Amino acid sequence: MENKGPGFYAYASSPAGVGQTIEQAVSSCNAEINTWKALDIPGHFISEKVLESIDSCGFLVADISVLNFNVTYEIGYAIGKGKRVLLTKNKSIQEGRPSIREVGIFDTLGYKEYQNSSELSGFLNSAIPSDPLSLPSKINIKSPVYLLEGMHKTDWSTRIVSRIKKARYLFRSFDPNEHPRLSANDAINQVAQSHGIVVPLLSSTAVGFKIHNMRGAFIAGLADGMSKALCILQNGDDPVPMDYRDFVSISYHPDDINEHIANFAGEVAEAFQQETTIVASSSDTLLQSLDLGSTSAENEMRTLESYYLKTDQFLKSLRGEANIVVGRKGSGKSAIFLQVRDRERNKKGNIVLDLKPDGYKLIKFKELILSFLEEGTFQHTIMAFWEYVLLLEICYKILEKDREQHIHDHTLYEQYRALADLYHADGYETEGDFSERMSSLMEKISTEYRSKHGDKTNVRLNASNLTEMLYRHDVRELSKQVIEYMGQKEVCWLLFDNIDKGWPTSGLEHEDLLIIRALIDATKKIERQFGRSNVVVNTILFLRNDVYELLVKETSDRGKEASVLLDWTDPDLLRELVRLRIVSNNINGDDTFSSLWSKICISHYSGEESSQYLIERSLMRPRFLLNLISQCKSFAINLNHDRILDEDIEKGLTAYSTDLLTDIGYEIHDVENNVGDVLYAFIGSKAVVKKGEIYSVLAEYGVDEQFFDKIFELLLWYGFIGLNIDDEYKYIYNFNYNMQLMAGIIKKRGDIDYLINPAFWPGLMIEKA
């Protein structure tokens, strides 16, 4: 892509002082640069003329002193068009909301700060536009759609996901619940390997709409610049700038989404027909062509199999020996979920339910039921609800899997038709995905209750009342027919992921845990019922550590469930995980880790073996390690390095550290929501501290003394601080995640030193030990 011609400077019209400084700097610099002020605007939208100017410019300079939808879109557009982009920021302007740190993107692209027109003019004179950012050339034909998800899974966003699935497209996504900040390199890579992009924009009444929509502007600009099929959806009339209103499909009701996604699906299909795979440039270096997969298992559903590390926890799950898989965020729970699902549902005789109940809907359901019923009735109601849902979903999967086969198999035909007639009794709605079907049932229960009891509370319902309120089908007959049909199958798998997603443990009440307990009990009941007819049912529930610990403490059937702990303690296992991902790129020669690693990264950094250096800063979580390597790799590619060098590790670690602070901060907030961004209390702290000094830092930050002990435990639990044991610092993962062992050592040794994990040093500007 040639970058000849004058530059173009994009900036927001407000605040006025920034624009004046930029115009003065442009007029006095030697470089040939135009601004939007010089465009022939009358009779045209500004955005239309700006995008035309970017098309013809040699490079784009964009100001991000105040983040702005239009400018962010234009930055993405220019990158998508293969233009070199230079970013500037006036450091005399107070940063507004959303901030660069909150949004991500720009801190990983890098920007030049100035405080007056003279400094800016000097930068513009000295800045030499180098090569544009490298854009991946290979399309992900297995998951061709990329979706920007919001923090909260509303009915509107659920419908979008449902319609994409209905169009039979697998998709990858950015989910802020999994990754608190969006890196520019990840956005660029995801858009480049997609045929279609879906960007839902939130209304100004939604929580976090500014951060979400700024990310949406960048992704949409990238997609537009790369000429991808693009569907921008707006929930309501605002806040899209008027210039971009024609690009956006506005919806006022979830049903409006159906038509918009249908049109989008057609455009993606056209892209497939025109071109399925673009041949990678022969000039790409190994590092540029290297694909290490996604840091989120949901985004690599169709490629994970080729490089998946088969751990003992996975093998136990696959053999049906684990009912509950417990792990921290980023430890690989969803990867096991997807691998078990894909392996088992490919077997002709298996029925596999891969269910991801939306946590927020369960909370709404809990509030609804609690407002009606006493606790004793509540527990029975929830279990009856789960049992009914699971029977319906097993039936749904049977009908879906044998839709074609039963026509040609006389042994299935009559049973299939009878089951289908029973399932569709009373016009039962089966459209949409699992979340929508579950919502429909919840709404039905609410309506049924109100029609019988009005707004009365604390109503105790007997079994007959419950049956009438909950069931639209003859459950006994449904159960009987499903079991009989399953007699011709092999195994039924019930897999549940994300049930605790969006449930902060600080807000978890006894009734929330009863919902999980009731689900486990309902699956056990189904296993027993089916087992009497020699039908095997395997259940696996995937839970966060903190939720599982509360479940064990607060429910009576302690220790009955077969659980496996998915926490990583061995650096060599993490190396093997990385090695398998490198090998999947079909690299010739020796495939040992040391040989492969030397091809993509320098051997040592700061006197330490480089892979060990990175692993020690990953908190022993696969997702964090892949994030860190990806950050370093991105900087190396942007700087045209053939391998990851010292400066790439330094810059990558700084970007990663900032993300890690946000990630771990969210996790701590989930457990103790009274402490705010407590990790930022340690900005500028010493690396080695005593317990008393930690408490002093917390006090200076304004934390109430009653939370000191709890926060100290959390800092240990999340690996933020480690213990000095015989001049060697050890963290929670060095103790096999055993807090009791750590507490015992602290008690026995008394006044010991603690080290803030080096992974956090760049983000918190920690004084090195």
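Further up the page is the structure itself.
The structure displayed is predicted, hence computed values, not measured ones. (Residues numbered from 1 in each chain as written. Predicted model: local features only at pLDDT ≥ 70, side-chain atom pairs only at ≥ 80, totals over all residues. Heavy atoms only, no water.)

(A) Broad picture of the overall build of the chain. Looking only at helices and strands, one finds 31 helices and 23 strands in the chain. In the chain, which comprises 769 residues, the proportion classed as buried is 57%. Of the contacts made within the chain by residues no fewer than 6 positions apart, 78% connect residues no fewer than 24 positions apart. A total accessible area of about 32700 Å² is found for the chain, and carbon and sulfur atoms account for 47% of it. (Helix = DSSP H or I, 4+ residues; strand = E, 2+ residues; numbered from the N terminus. Buried < 20%, exposed > 50% of the residue type's maximum accessible area, 1.4 Å probe, protein only. Contact = heavy atoms within 4.5 Å. Areas by Shrake-Rupley, 256 points an atom, 1.4 Å probe, with all protein chains shown as cover.)

(B) Main features of the packing of aromatic side chains. Applying the stated criterion across every chain, the model contains 15 aromatic pairs. Taken together, a centroid distance of 5.1 Å and an interplanar angle of 80 degrees make the contact between Tyr308 and Phe314 edge-to-face. The same class applies to Tyr308 and to Phe314, which are both buried. For the ring pair Phe593 and Trp597, a centre distance of 5.5 Å and an interplane angle of 15 degrees mean the geometry is stacked. Linking Phe593 with Trp597, this pair stays in helix H24 (residues 593-600), spanning four residues, or about one helical turn. Trp597 sits in the buried class, given a relative accessible area of 3%. Above the ring of Phe712, the side-chain terminus of Lys691 is found at 4.6 Å from the ring centroid. (Phe/Tyr/Trp six-rings, centres within 6.5 Å; stacked < 30°, edge-to-face > 60°. Lys NZ or Arg CZ within 6 Å of the ring centre and 35° of its normal.)

(C) Quick peek at the side chain of Lys329. Summarising the element assignment, Lys329 is placed in the loop between strand E13 (324-327) and helix H13 (333-345). Of the polar contacts made by the side chain of Lys329, one reaches the backbone oxygen of Asn177; its length is 2.6 Å. When residues no more than four places from it in sequence are discounted, the contact partners of Lys329 are Asn177, Glu178, Arg621, Arg623, Asp663 and Glu667. (Polar contact = N/O pair within 3.5 Å; in protein donor to acceptor, adjacent residues only side chain to side chain.)

(D) Structural view of helix H18 (residues 434-453). Taking 1.5 Å per residue, 20 residues should reach 28 Å; H18 reaches 29 Å between its end C-alpha atoms and fits that length. For H18, the full list of buried residues reads Phe434, Ser435, Glu436, Arg437, Met438, Leu441, Met442, Lys444, Ile445, Ser446 and Tyr449. (Expected span 1.5 Å × (residues − 1).)

(E) Molecular detail of the pairing of strand E1 (residues 7-10). Side chains Gly7 and Tyr9 project from E1 onto one buried face, and the interleaved Phe8 and Ala10 project onto a second face that is buried too. As paired strands, E1 and strand E3 (residues 59-63) are joined by four bridges and run parallel to one another. Across the sheet, residue Ala10 finds its bridge partner in E3, namely Ala62. Where E1 meets strand E2 (residues 33-35), three bridges bridge the pair, whose relative direction is parallel. Across the sheet, residue Tyr9 finds its bridge partner in E2, namely Thr35. (Pairing = 2+ DSSP bridges.)

(F) Local environment of the sheet that holds strand E21 (residues 721-725). Read from one edge to the other, the open sheet built from four strands follows the order E20-E23-E21-E22, with strand pairing classed as antiparallel. Strand pairing shows two members of the sheet lacking a second neighbour, strand E20 (688-689) and strand E22 (728-730), which therefore form its edges. Note: E21 against strand E23 (residues 754-756), three bridges, orientation antiparallel. Residue pairing in the sheet places Ile721 in a bridge with Ile756 of E23. Seen against the sheet, helix H30 (residues 739-749) touches E21 and E23 and runs at an angle of roughly 50 degrees to E21. (Axes fitted to C-alpha atoms, helices over the stretch in contact; angles between N-to-C directions.)

(G) Spatial organisation of the sheet that holds strand E11 (residues 229-235). Reading across the sheet, the five strands line up as E8-E7-E10-E11-E12 and stay open at both edges, with parallel pairing between neighbours. Whereas interior strands pair on both sides, the edge strands pair on one side only; in this sheet they are strand E8 (171-174) and strand E12 (248-251). Looking at each pair of strands side by side, their axes are set apart by 20 degrees on average, direction ignored. Where strand E7 (residues 145-148) and E8 come together, four bridges link them in parallel fashion. Its bridge partner lying in E8, Val145 is registered against Phe171.

(H) Focus on the pairing of strand E4 (residues 84-90). Burial runs high along E4: six of the seven residues are buried. A crossover connection joins E3 to the parallel E4 through helix H3 (residues 69-80); in handedness this β-α-β unit is right-handed. (Right-handed = clockwise from strand over helix to strand, strands pointing away.)

(I) The arrangement of the pattern of salt bridges in detail. All told, the structure shown has 32 salt bridges when counted by the stated rule. For Asp342, the salt bridge is made with Arg345, and the minimal N-O distance between the two is 3.5 Å. Placement of the pair is Asp342 and Arg345 together in helix H13, with a separation of three residues, close to one helical turn. Of the residues examined, Asp342 reaches a relative accessible area of 13% and is grouped as buried. For Arg345, a relative accessible area of 30% puts it in the partly exposed group. Note that Arg621 is salt-bridged to Glu667, the shortest N-O span being 2.9 Å. With a gap of 46 residues between them, Arg621 in the loop between helix H25 (610-615) and helix H26 (622-638) and Glu667 in helix H27 (residues 646-671) connect regions that are remote in the sequence. Side by side, Arg621 and Glu667 carry an identical accessibility label, which is buried. Linked by salt bridges that have partners in common, Arg341, Asp342, Arg345, Asp354, Lys397 and Glu400 make up one network. (Salt bridge = Lys/Arg side-chain N within 4 Å of Asp/Glu carboxyl O.)

(J) Representation of helix H21 (residues 510-531) within the structure. The terminal C-alpha atoms of H21 lie 31 Å apart, and with 22 residues this matches the ideal 32 Å at 1.5 Å per residue to within 8%. For H21, the tally of buried residues reaches 17 of 22 residues, placing the bulk of the element in the interior.

(K) How the structure looks around the side chain of Glu344. With respect to the helices and strands, the residue Glu344 is situated in helix H13. On the accessibility criterion, Glu344 (5% relative accessible area) is buried. Excluding anything up to four places from it in sequence, Glu344 contacts Leu318, Asn350, Val352 and Trp493.

(L) Quick look at a negative patch on the surface. Together, Asp704, Glu705, Asp709 and Glu713 give the surface a local cluster of negative charge. Along the chain, Asp709 falls in helix H29 (residues 708-717). (Patch = residues over 30% accessible without salt bridge, like charges linked within 9 Å, V, L, I, M, F, W, Y side chains within 5 Å. Lys, Arg positive; Asp, Glu negative; His and termini not counted. Charge placed at Lys NZ, Arg CZ, Asp CG, Glu CD.)

(M) Summary view of the packing of helix H23 (residues 571-583) against H26. Running from N to C, H23 and H26 point in directions that differ by 55 degrees, and their axes come no closer than 11 Å. Judged on the interaxial angle alone, H26 and H23 are oblique. Remark: the crossing between H23 and H26 carries right-handed chirality. Touching Leu574, Leu577, Val578 and Arg581 of H23 are Pro622, Leu625, Leu626 and Ile629, all from H26. Across the contact of H23 with H26, the residue classes break down as seven nonpolar, no polar and one charged. (Parallel < 35°, antiparallel > 145°, perpendicular 65-115°, else oblique. Left-handed = near helix turned anticlockwise from the far one by under 90°. Nonpolar A, V, L, I, M, F, W, Y, C, P; charged D, E, K, R; others polar.)

(N) Inspection of the environment of Ile683 at higher detail. One can find Ile683 in the loop between H27 and E20. Each C-alpha atom of the pair Ile683 and Trp761 lies 8.8 Å from the other, and the pair is 78 residues apart in sequence. Residue contacts for Ile683: discarding those within four places in its chain leaves Leu764 and Met765.

(O) Region of the structure containing the nonpolar core. One finds Phe682, Ile694, Leu723, Tyr754 and Phe760 to be the most contacted residues of the largest nonpolar core, which totals 103 residues. If sequence neighbours within four positions are ignored, Leu723 has contacts with Leu716, Glu728, Tyr729, Lys730, Phe735, Met742, Ile745, Ile746, Ile752, Asp753 and Tyr754. Within the second largest apolar cluster, 63 residues are counted, among which are Tyr73, Leu133, Ile197 and Ala223. (Core = buried A, V, L, I, M, F, W, Y, C linked by side-chain atoms within 4.5 Å.)

(P) Fine view of the state of the cysteines. Scanning the entire structure with this criterion turns up zero disulfides. For Cys601, which is in no disulfide, the shortest distance to another cysteine sulfur is to Cys632 and amounts to 7.1 Å. Taking relative accessible area as the criterion, Cys601 reaches 1% and is therefore assigned buried. (Disulfide = S-S within 2.5 Å.)

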